[in-house]
Every structure is written in structure tokens, then in C-alpha cells.
Amino acid sequence: MESTFSISLICMAPNRPPLSHKVTDYLVQFIREEILVPRQIILTDEWNIELAMMFMPQNEFGPHKVDVYEPDIYDDVKVKTYPIAIPLATIQASEEPYLKTIELMYEGLFLYFTAFHKSIHAHFMQDLWEKINFDYLLSLPYPADITEQQYIGD
């Protein structure tokens, strides 16, 4: 049985980035085609991998930069969930919040792959950034309607 790789969006504040779920769909497919299948990682593992991208307020408890943490492991369902903290203040301070959100999400992917998959190097992830189809991503509705967002809890 093939394992899965997914990205979930969580917001720890009322002012979440109004992203279409198609952004995460695109990133999952992009990662699958550019990393998982060619490198034969995750998909042949017994564990399903979920990256929980958490948009968090920047305060004494919130992140000041993108950070990835050790996974929460659910043995009974064979799921490893890796929390990725993304500071909302960085997005809100940007002149291009939509593009900044995509950049920070990719930074989370970058950190996850370079930290937890030793065969994936920083240079490879930097080069991969250049292959992202920004024409497609920037053509998606922003701000997306709430029904189009599909955050955890919606």
C-alpha cells in the first residue's frame, strides 16, 4: 500500500491567510512529482506523512521565523504529523501577502525535507523553488472565499 503525503492548514488566530486549497493541492503534487517519486521517499514507507502548517501570531509564545518540529506520532493509524510554525506577522507586514504566504509555506517544506530526509540538500531545495509555477499560483483567487480555503476546522 502506498503511503500518503499531505499538507494541512491551521490558523491559531482569527486573521488567517485567505488561501485557496488549490495552493496546498499544487504544492503536494509538486513535491510528489519533484521529490517523492524520483527520490522514492515517503510513498514507499509504512507511515503517512502530514505537514501541519500552522499560521501563528507572533508573540511570546508564537514563532518569529518559520520552524519545523519533531512529529506527533499516531501508531494506531500510522500517521506522523510534523508541525510547521509560520509567523502571521511576517505575512501581514508584507506588501505582497499572498506571495509571502507561498514563500513561507515553501520555507516550511524546505526545512522539513532538509531536516528529516538527509538525502535532500539545501541546494536542491533552493533550485526546486525556481520550478514552481507562479503563473498558476498567482492566478488563483486571493483572497479566496472561505468555502475555498479548507483550513482544519472548516
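Analysis parameters
- Residues numbered from 1 in each chain as written.
- Predicted model: local features only at pLDDT ≥ 70, side-chain atom pairs only at ≥ 80, totals over all residues.
- Heavy atoms only, no water.
- Phe/Tyr/Trp six-rings, centres within 6.5 Å; stacked < 30°, edge-to-face > 60°.
- Helix = DSSP H or I, 4+ residues; strand = E, 2+ residues; numbered from the N terminus.
- Buried < 20%, exposed > 50% of the residue type's maximum accessible area, 1.4 Å probe, protein only.
- Salt bridge = Lys/Arg side-chain N within 4 Å of Asp/Glu carboxyl O.

Engineer: Where do I start with the packing of aromatic side chains in this structure?
Structural biologist: For any two aromatic rings, the description comes down to two numbers: the centre-to-centre distance and the angle of the planes. Per the counting criterion, the structure on display carries 11 aromatic pairs. Ring centres of Tyr26 and Phe30 lie 5.8 Å apart, and the angle between their planes is 25°; on these two criteria the pair is classed as stacked. Taken together, the residues span about one helical turn, with Tyr26 and Phe30 both in helix H1 (residues 21-39) at a distance of 4 residues. The exposure classification of Tyr26 matches that of Phe30, with both residues buried. Aromatic pair Tyr82 and Tyr112: ring centres 4.9 Å apart, planes at 70°, arrangement edge-to-face. Of the two residues, Tyr82 sits in strand S5 (residues 79-87) while Tyr112 sits in helix H3 (residues 97-116), which places them 30 residues apart along the sequence. No difference in accessibility class separates Tyr82 from Tyr112, as the two residues are buried.

Engineer: Explanation requested: the pattern of salt bridges in the structure shown.
Structural biologist: Once the charged atoms of two side chains with opposite charge are near each other, the side chains can pair. Tallied over the entire structure, the rule returns 4 salt bridges. As a salt-bridge pair, Lys131 and Glu34 come within 3.4 Å of each other at their nearest N and O atoms. Residue Lys131 is found in the loop between helix H4 (122-129) and helix H5 (134-139), and its partner Glu34 is found in helix H1; the two are separated by 97 residues along the sequence. Residue class for Glu34 comes out partly exposed when judged on its relative accessible area of 25%. Across the salt bridge formed by Glu46 and Lys78, the nearest N and O atoms sit 3.2 Å from each other. Here Glu46, found in the loop between H1 and strand S2 (48-56), pairs with Lys78, found in the loop between strand S4 (72-74) and S5; they are 32 residues apart in sequence, far enough to count as distant. You can call Glu46 exposed: its relative accessible area is 52%.

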